[in-house]
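The primary structure of each chain is shown beneath.
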Amino acid sequence: MNFGAVWPEIVVSGVGTLLVALDPFVSAARQRWFGYVCLAGLLLAGLLTLGEPVGGGSVLGGMVTLDGFSMLFRLIFLAAAALVVLLSLDFILQRGKDLGEFLSLLCFATTGAMVMAISRDVVSLYVGLELLSISSYVLAAFLRDESGSHEAGLKYLLNGALASAILLFGLSLTYGLTGQTSIPALTHGLASALHTGYAPVVWLAVGMVLAALAFKIAAAPFHLWAPDAYEGAPTPVTGYLMVVAETAGFVALLRIVDTGMGPLAAHWGPWLAGLAIFTMTVGNVTALWQRNIKRMLAYSSIAQVGYVLVGLAVATPGGVSAAIFYLVAYLFTTLGAFAVIAALSVRDPGDAITDYAGLGRRSPALAVVLTVCLASYVGIPATAGFMGKLALIGAAVHGGMAWLAVGIAVNSAISIGYYWTVARTMWVDPAPADGGAVAVSPAGATSVALTLVGVVFLGILPQAFFWLSHWAGAGILR
Amino acid sequence: MLSMMVFAPVLGALLLGFMGGRSPQALRSVATVFMALPLAIVVLLLATYHYGAGGLQFVQRTAWVPAWHIQYFLGVDGLSLVMLLLTAAIGVVATVASYGIGDRVREYFVWLLLLQTGILGVFCAQDLILFIFFFDVVLVPMYFLIAIWGGPRRQYAALKFLIYTFTGSVLMLVAVLALYFLTGRQTFAIPALARLAPHDLGRGLQLLLFAVIFIGFAIKLPMVPLHTWLPDAHVEAPTPVSVILAAVLLKIGGYGMLRIALPLFPQAVHALAWPIGILGVVNIIYAALAAMSQHDFKKLVAYSSVSHMGFVLLGLALATPLGIDGAIFVMFSHGLISAMLFLMVGVFYDRCHTRELSRLGGMYRTLPLAGTLLAFAALANLGLPTLSGFVGEFFTLSGVFATYRVLAFWAAFGLILVAAFNLILMQRVVMGPPRTEWESLAPVSARELITLVPLLGGVVLLGIAPAVLMNVINGPAAAIAASLGGR
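Report follows, based on the coordinates. Residue indices follow the written sequence of each chain, beginning from 1 at its first position. Chains and ligands are labelled by the order in which they are written, letters from A for the one and numbers from 1 for the other. Restriction of local features to residues with pLDDT of at least 70 applies here, the model being predicted, together with a cutoff of 80 or more for giving and counting side-chain atom pairs; totals for whole chains, interfaces and linings are based on all residues.

## A look at the overall build of chain A
Basically, it comes down to this: Only DSSP runs of H or I reaching four residues or more are called helices, and only runs of E reaching two or more are called strands; each is numbered from the N terminus. Counting other C-beta atoms within 10 Å of each residue's C-beta, where C-beta atoms are placed from the backbone, gives the exposure class: buried for 20 or more, exposed for 12 or fewer, partly exposed between. Contacts are defined on C-beta atoms placed from the backbone: any two residues whose C-beta positions lie within 7 Å are in contact.
A count of helical and extended segments in chain A gives 19 helices and two strands. Scored against the burial criterion, the 478 residues of chain A give a buried share of 64%. Contacts in chain A between residues far apart in sequence, at least 24 positions, make up 79% of those at least 6 positions apart.

## Notes on the overall build of chain B
In terms of helices and strands, chain B carries 21 helices and two strands. Split into buried and exposed, the 487 residues of chain B put 62% on the buried side. In chain B, once contacts between residues fewer than 6 apart in sequence are set aside, the share between residues at least 24 apart is 79%.

## Some remarks on unusual backbone geometry
The omega angle of the peptide bond from A:A220 to A:P221 is 0 degrees, so this bond is cis rather than trans. For the bond running from B:L221 to B:P222, omega is -5 degrees, close enough to zero to count as cis. Positive phi, close to 50 degrees, is recorded for A:A315, a residue that is not glycine. Checked against the element boundaries, A:A315 lands in the loop between α12 (293-314) and α13 (317-344). For A:A382, which is not a glycine, the phi torsion comes out positive at approximately 70 degrees. Within the fold, A:A382 resides in the loop between α15 (364-378) and α16 (384-398). Judged by C-beta crowding, with 20 C-beta atoms within 10 Å, A:A382 ranks as buried.

## Concerning the interface of chain A and chain B
To be explicit about the condition: Classes in brief: Ala, Val, Leu, Ile, Met, Phe, Trp, Tyr, Cys and Pro nonpolar; Asp, Glu, Lys and Arg charged; the others, Gly included, polar.
Taken together, the contacts link 26 residues of chain A with 24 residues of chain B. For the side of chain A that touches chain B, the secondary structure elements donating two or more residues are α16, α17 (402-427) and α19 (463-477) of chain A. Here the element with the most residues in the side of chain A that touches chain B is α17(A); it accounts for 10 residues. Here the side of chain A that touches chain B is composed, by residue class, of 19 nonpolar, six polar and one charged.

## A short note on the pairing of strand β1 (residues 57-65) of chain B
Residues and elements named next belong to chain B. For clarity, the cut-off: For two strands to be treated as a pair, DSSP must find no fewer than two bridges joining them.
Relative to strand β2 (residues 70-76), β1 runs antiparallel, the two sharing six bridges. Looking at the pairing, A63 lines up with Q71 of β2. The hairpin turn running from β1 into β2, its antiparallel successor, is four residues long, and H69 in that turn takes a positive phi close to 55 degrees.

## What to know about α17(A)
All names here are of chain A. Stated formally: By this rule the span expected of a helix is its residue count minus one, scaled by 1.5 Å. Given a residue, its bend is the angle between the two axes fitted to the seven residues that end at it and to the seven that start from it.
For α17, which comprises 26 residues, the first-to-last C-alpha distance of 37 Å matches the rise-based estimate of 38 Å (1.5 Å per residue) to within 8%. A bend of about 35 degrees at Y419 is the largest found in α17. Taking burial as the measure, the 26 residues of α17 include 20 buried ones, the bulk of the element.

## Let's talk about the packing of α12(A) against α17(A)
Residue and element names in this part refer to chain A. Note the cut-off: In this analysis an axis means a line fitted to C-alpha atoms, helices contributing only their contacting stretch, and an angle means the value between N-to-C directions, from 0 to 180 degrees. With respect to orientation, any angle under 35 degrees is reported as roughly parallel, any angle over 145 as roughly antiparallel, any angle of 65 to 115 as roughly perpendicular, and every other angle as oblique. If you view the pair so one helix is near and one far, a crossing is left-handed when the near helix is turned anticlockwise from the far one by less than a right angle, and right-handed when it is turned clockwise.
Where α12 meets α17, the closest approach of the two axes is 11 Å, and the angle between their N-to-C directions is 165 degrees. Accordingly, the angle class assigned to the pair α12 and α17 is roughly antiparallel. The element α12 and its partner α17 pack so that their crossing is left-handed. Between α12 and α17, the residues in contact are I293, M296, A303, Y307, V310 and A313 and L404, I408, N411, S415, Y418 and V422, respectively. Of the residues that constitute the contact of α12 with α17, the class distribution is 10 nonpolar, two polar and no charged.

## What about the packing of helix α7 (residues 154-183) of chain B against helix α9 (residues 203-220) of chain B?
Residues and elements named next belong to chain B. Closest axis-to-axis distance for the α7/α9 pair is 8 Å, and the angle between their directions is 155 degrees. As the angle between them shows, α7 and α9 are arranged roughly antiparallel. In the crossing of α7 with α9, the sense of the turn from one axis to the other is left-handed. Two secondary-structure elements touch here, α7 through Y164, T165, G168, S169, L171, M172, A175, A178, L179 and L182 and α9 through L205, L209, V212, I213, I215, G216, I219 and K220.

## Brief notes about the environment of A:A40
Within the secondary structure, A:A40 is located in helix α2 (residues 32-51). Assessed through the 12 C-beta atoms surrounding it within 10 Å, A:A40 is described here as exposed.

## Here's the deal with helix α15 (residues 321-352) of chain B
Residues and elements named next belong to chain B. For α15, built from 32 residues, the straight-helix expectation of 46 Å at 1.5 Å per residue is met to within 8% by its first-to-last C-alpha distance of 46 Å. A bend of about 25 degrees at H334 is the largest found in α15. Most of α15 is tucked away, with 28 of its 32 residues classed as buried. A positive phi of about 55 degrees marks H353, the residue just after α15.

Have a look at this one:
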């Protein structure tokens, strides 16, 4: 067996194991070093990923493929994990929690997501998903003595386990129908099974897989767990779940729906389109009523998921690459917002939007970054979100689903209502009398700066990433 | 050259953002310098533009996002140049008028400079995506300028402005992308699409895309019934921002129609000429009636803007060189006059702290200079011959009369209403016995005069010698009319 292909995963899970092993022997005062070890490990894994040949061939008995898609998403997960490490160091240490344990869970979750990125077989895909999910349940409940975190973990666990079970049931049905676990063979098998007497079973299996993955990406109407879980989870974990867990769900969806431009794509399309429009509308409209910034961003993430689904629904190469581009834009935007929220809540646990009053004067730099991220969520130019929406709207129009493009347009206009409430609170409302300047640690400042650079770079010079997402999309369409 | 002009204010904003805790005086000077820079460049461009050759000049063109064939494509013709001149000049006026802002000075000028870049960019952009880029960039600074420094209902007004305009622009983005894929020409360049798109699209598609893009710009113009954001935004904005809103921002709507909506969809324009003309007349009459019934000085002036934009729509509907000349002239002249009017609102509000027309009065006696200036602005606004307001309306009306007599009649009727509300304004504010409560008001300051006199000079100059402006805009107007098949 040739394990060379999975060195990056081995390194990341190795770092996770190392941190758990060292944890009892390192005093609380020195735990900050774990953060640097973890970052070094993630960087090494990134370099190893870059060094791998991209042939599109399959290794490890066809379980794993090294194409542009797996390459790009591994890097996305590694980058997201590194940013989350940066923005969580002070958050965790300040609360007197065990950083080693936290980071090792983060490493295992990231390993799971990376395994999903390289999987070309539903078995390894499922294993990766479970590794990611189980680590995430624990991460969500990491602040054990806070009831909100507790509740978040439990809700996430119960709903996630249900979704996993449904996914497994659906996949077992597809195995029964086709005798295959390799994704390309499986989609072809399903397409031919459609013309036999088993068509209802095919629909049942497809429906179960779709519903389970919709659970994982928190698409409406399968989103009800998300606001509670995202609100209660520790702030850095919320950012991680919104970015890595949801993107991983999309990785699975993209692989299954679009591999070889799945012969079933025409059948998935209308369902995904309905899911997209419903999800974005529910997310945006519900977000309008929120008073807590994490809960608002939870609904916002549901809305953003709806936008990405448009790219999948149109089922064209342009749609796939637009969805991938938007996921990258979403990563920087969301982690930028959470870098600011985490930096603010290192000392001050208030997550109400009113707690952001006067931030523009108390801490102009953080307020500027959060404003840029909000603008990116809305889709205002010079930010990543504008280019992302440009790509998605273009894909929808090109794919003959102009009504989805109009849906994105109308929803973007609705979303101003809540995103801009936060901007207004920061810049217009007066600061509370006791609100002083916010001290930001070097790690926190680095995460804020990196995400800002990402959001603005993608907004002004998106060409490289358009090319990358096109290349990655080509990987799975083959 | 064009990039330098567009991005000079951004440099100023960055400088303001990062320079240490200086005095408001220093901040104001920096802002003024970086506002004056584009004006100097525009004057230089006007002087060196080759009028004989016409067309786009000073072109800067590089690939920006090759994956989507988006170009960084700047260029100007006569139409762009006059709009740039208006923008740059009003920018300086507004900056000087902003010296009175005492709260959060640094932020204020940062937003003002960013706003200026957005507007200048809109008038230079020759690529549709770049155009929308700048079009949307304008929104954020404007939001904050209204929401932070505005009047009592500023939050509501600012958000309404943002949502209205953004809805229009994002729908426009959908239409533009549809255009891109339907033509299949792999370009967003406006000149190329103006040449090709009319042949590529069927009549139905032209009508659909035109309608979406037209509505996007009609929100900005604004056109009744999409105008409701304007009275709120104008009334709540601080004086200098109202000046920019009325004098320049509305022109983006008219400019966008002339630059994009008309040349790209000629068949749709012909099919919809009557409805657009009727909407124009409705604009004139409805907004004039609304202005007559206002008790608030600023709101009256705001509705007056809506009314004048009706003439722009009317000129567009004609699709002849005369009509388009008239539309551009109205836009430019309204830029000067509305700026004067809003500045005058500021002059009186700063002294009396009220905009209630019923509480003002007798200002000829109490503030003779201010009263005279207001009377001048109101007369220019009602279209008195020898002042610039007359010329544009005359061109438009004479063009309309030749083609659409009924519309010409109703537009002329609208002009009577326009005259009426301007006279009402004069009567309420400057005539009548002097009020005792306003006896000890400070006379018009030198700073206020510096902002008002250049505008006054422009209004007079264009009224006496309209050819100054006509020579610049005749070429592009003829080109647009030619693209529409008009003569």
